[in-house]
Amino acid sequence: MREPMYEKDLTAMKYAILQSRRHDGMVREIAADIGVPQLRMRRYLMDRFDMLLLENLPARYEQGKKLREDSPEPERQLGAHLYTHAVPIIDEGIMRQIIEGVREMVRNGASLDQAVYSGKERMRKEITA
Amino acid sequence: MTKKTVDVSIPVGPVHPCWKEPARVKCETRGELVLSAEVELGYMKKGIERIMRGRPWQEVMFLAERVCGICSVIHNMVFIEALEKISAIPVPERAALLRVVVNELDRIQSHILANFSYCYTIEHETLGMYLLDTRERVMDELERITGARVTCAYIVPGGVRFDLRPEDALHLRAGMDTLERDITRYMSMFEHGPLISLRSRGIGILTREAAREAYAVGPTARASGISDIDRRLRHPTYQKLGFAPVSREEGDNFARVMVRFQEVLQSIALIRKCLDTLPEGPIRGGGIPGAGEIAYSGEAPRGELSYFIKTDEAGRVVEISIQTPSIMNIEACCHYMLKGVASLADVTSTFVSSDPCIACTER
Amino acid sequence: MTLLQSLKNLVRSRSIHVAYVDVGSCNGCDIEVLACLAPRYDIEQYGIFVHNNPREADVLLVIGAYTPGWEEKLEGLWEKIPDPKAAIAIGNCPISGCLFARPHTLVDPPVAKHIPIAAQVPGCPPRPTEILSAILSVAPTVFRDYEVRK
């Protein structure tokens, strides 16, 4: 039995995609927003997405950012739609849990910033896990 | 007894009889139903943006054209117009209209080629060959004006390279008349063909919401009812010509091909209008590109094409980033249209209906 | 030359199956190859059939400047084509890399480093008629007396 001819490691090609200027700027922005190291972010994107989605990320990100501004709190600060649909780095179910958690904290008297911070902590855990 | 179905992952490509270019679509299927598709690229990545950095605009101009050989005129046009915007170089009226003429000719040949590919993929070879023959006549017109069939480098800062000679204008007018007659005929053949309908209607549906999410552009988006994304609406020359985009609501393979047919007819009307209003005058004003930074978009045959350019005083390109329409369209196609396609035979035709251009996608 | 051999030569020169593979071009040459199919050039009157299936091909048209994605794959594709076979480089890219052979590029031209090339058609892109005449002039000489030479 021969090895399947076309299955090969795509990491180098995926990295080449992320090196373009638009992609680089986008990765930096997302990494700063969530608060994870850029290298970690790139690694996570490369593992999770196929090459076509990687190519299209900047366009989707720009589109998602516009929608983010119109969404209510705390979804806006967390970027709920942005990170589940436009740049799908977090599963929808987990994002729903995170939003619930943040709402719960606000109800229990925590300030919005504090609650969002802990929500982002969850997102960081998802990405670095 | 129920039929037993198995989940299989079926790769299509990279070398496939129906595809012009290499890409590999891995389809997760249950029986023949496609559940999801994943795309593997990297067969065409030449690193054009990396080559362009630090080079004078005179070189980048030719590299920009070779991002995509099918729609080379619009790459030329967007890059040069971005340079003109940076350095405030005026364009003579006649040159601006000639640019539109050449750009629309390029759009016609690109759309006809896309529709040929679709007809060829659904095995309607007769219509495919009719279309390919018609395309050769459009290429002739393009060659008469610009001097080359593909990659003609017609547009330069401050104008265009060659003037439209009166005999060429006559030839072009006559050519547009035959083209309109032929395309109208092929369009009705496509619209009323019962077997074409079976292979095209209701297959590979892209909903308006999905099109918005993947940021689909061009005919792919216009077939799903989104018409406000046409960049020609924001181009001053097109605004003067009174341009209004076409759109359809169905969002299936049939609608995408029909939108392209309709746009060919629209382009013919635009070219006629340009020829009617073409003023006498110079075609080159001259001008030297200088330092600046701009994000500029134009409407390619496949949709919105954006260039981000940063230049220095000597006109060297310091930073450049190109976003081609195929990226968004193929993404919309593979992650939304292919989901739920009923058979593997429709995978290739749906893929081709989105007019994929892998060379643009990977640059 | 035996009768059988001359019959084979005759048949081979009148039936050329063509496959094309794009190893990283701008797409311009692809569409010029596709334009060869048009009724104007009428490729089938010469017995050429564009097939795009390597396993049934006689002539492989190589387009493009060899990107990293094709490493090991182009050779594999070349092996899959049954003998006798010939590869023709279409356009400047497979010959020299055209304007993609610059610093910081990802391509690795020429293609002749990786598979044997029988003929080259320069141009950016070449005209369909040039591609057609290249196929027509290469095929008979490459395929003539294949069994005897072997």
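These figures come from a predicted structure and were not determined experimentally.

Conventions used here
The written sequence of each chain sets the order in which its residues are numbered from 1. Labels are handed out in written order, letters beginning with A for the chains and numbers beginning with 1 for the ligands. Confidence filtering applies because this is a predicted model: local features only for residues at pLDDT of at least 70, side-chain atom pairs given and counted only at 80 or more, and all residues used for totals across whole chains, interfaces and linings. Two residues qualify as being in contact provided that their C-beta atoms, derived from the backbone, are within 7 Å of each other. Secondary structure elements are defined from DSSP: runs of H or I of at least 4 residues count as helices, runs of E of at least 2 residues count as strands, and each element is numbered from the N terminus. Each nonpolar core comprises buried Ala, Val, Leu, Ile, Met, Phe, Trp, Tyr and Cys residues, the members being joined through C-beta atoms within 7 Å. In this scheme the burial state of a residue depends on its C-beta neighbours within 10 Å: 20 or more other such atoms mean buried, 12 or fewer mean exposed, and anything in between means partly exposed; the C-beta positions come from the backbone. Known as pLDDT, the predictor's confidence for each residue is given on a scale from 0 to 100. In short, DSSP must find at least two bridges between two strands for them to pair. Every axis in this analysis is a line fitted to C-alpha atoms, fitted for helices over the stretch in contact. Angles between the N-to-C directions lie between 0 and 180 degrees. Note on angle classes: values under 35 degrees are labelled roughly parallel, values over 145 roughly antiparallel, values of 65 to 115 roughly perpendicular, and the remainder oblique. Less than a right angle of anticlockwise turn of the near helix away from the far helix marks a crossing as left-handed, whereas a clockwise turn marks it as right-handed. Classification used: nonpolar for Ala, Val, Leu, Ile, Met, Phe, Trp, Tyr, Cys and Pro, charged for Asp, Glu, Lys and Arg, polar for all others including Gly.

Asks: Which parts of the structure should I look at to understand the interface of chain B and chain C?
Replies: Where interface size is quoted, it is often the accessible area lost as the parts come together. Across the boundary between the two partners, chain B contributes 30 residues, which contact 33 residues of chain C. Looking at the side of chain B that touches chain C, the elements with two or more residues in it are α1 (48-52), α2 (57-65) and α5 (125-146) of chain B. Counting residues per element, the side of chain B that touches chain C draws most heavily on α5 of chain B, at four residues.

Asks: What should I look at first to understand the nonpolar core in this one?
Replies: Within the largest apolar cluster, 198 residues are counted, with the highest numbers of intra-cluster contacts made by Val18, Val59, Leu61, Val62, Ile88 and Ile90 of chain C. In terms of residues, this core owes the most to one element, helix α4 (residues 93-121) of chain B, which gives 15 residues. Once residues within four sequence positions are removed from consideration, Val62 of chain C is found in contact with Val21, Val23, Ala87, Ile88, Ala89, Ile90, Pro94 and Val111 of chain C.

Asks: What is the right way to look at the confidence of the model for chain B in this model?
Replies: Close inspection of predicted coordinates is inappropriate for parts of the model with low pLDDT. Put simply, chain B has an average pLDDT of 85, and 98% of its residues get 70 or more. What the predictor reports for the complex is a pTM of 0.87 with an ipTM of 0.85.

Asks: Honestly, the sheet that holds strand β1 (residues 7-12) of chain B in this entry has me stumped. Any pointers?
Replies: In any sheet, the strands associate via hydrogen bonds between backbone groups, in a parallel or an antiparallel arrangement. Residues and elements named next belong to chain B. The strand order β1-β2-β3 describes an open sheet built from three strands, whose pairing is antiparallel. The outermost strands of the open sheet, each flanked by one partner alone, are β1 and β3 (33-40). With strand direction ignored, the average angle separating the axes of adjacent strands in the sheet is 20°. Two strands pair when backbone bridges link them, and strand β2 (residues 24-30) and β3 are joined in this way by seven bridges, in the antiparallel orientation. Following the sheet pairing, Val25 is matched in β3 by Val39. Contacts from helix α13 (residues 344-353) reach β1, β2 and β3, with the element oriented near 145° to β2.

Asks: Please explain the confidence of the model for chain A as it appears in this structure.
Replies: Confidence along chain A averages 78 in pLDDT terms, with 94% of residues attaining 70 or more. Within chain A, the lowest mean pLDDT, 72, falls on helix α5 (residues 75-78) of chain A, and the highest, 84, falls on helix α2 (residues 21-34) of chain A.

Asks: When you look at unusual backbone geometry in this model, what are you seeing that I'm missing?
Replies: Negative phi values dominate among residues other than glycine, just as trans dominates among peptide bonds. All names here are of chain C. In this structure, the amide linkage connecting Asp83 to the following residue, Pro84, adopts the cis form with an omega of -10°. By secondary structure assignment, the location of Pro84 is in the loop between α3 (73-80) and β4 (86-90). At the junction of Pro109 and Pro110, the peptide bond is cis and its omega measures out at -5° in the coordinates. Take Pro110: it is sitting in the loop between α4 (92-96) and β5 (119-121).

Asks: What is the right way to read the sheet that holds strand β7 (residues 292-300) of chain B from this model?
Replies: All names here are of chain B. If you walk across this open sheet you meet the four strands as β4-β9-β8-β7, and the pairing is antiparallel. Each having just a single partner strand, β4 (55-56) and β7 make up the two edges of the open sheet. Of the pairings in the sheet, the one linking β4 to strand β9 (residues 316-323) comprises two bridges and is antiparallel in character. From the neighbouring strand, Arg55 faces β9, where its bridge partner is Val317.

Asks: Hey, could you run me through the packing of helix α6 (residues 166-192) of chain B against helix α11 (residues 253-277) of chain B in this one?
Replies: Any two packed helices are characterised by the angle at which their axes cross and by the distance between the axes. Residue and element names in this part refer to chain B. At a minimum axis separation of 10 Å, α6 and α11 run at an interaxial angle of 160°. Between α6 and α11, the interaxial angle falls into the category roughly antiparallel. In this structure, α6 crosses over α11, and the sense of that crossing is left-handed. Seen from α6, the contacting residues are Ala169, Leu172, Arg173, Met176, Leu179, Glu180, Ile183, Met187, Phe190 and Glu191; seen from α11, they are Val257, Met258, Phe261, Val264, Leu265, Ile268, Ile271, Arg272 and Leu275. For the contact of α6 with α11, the residue count by class is 15 nonpolar, no polar and four charged.

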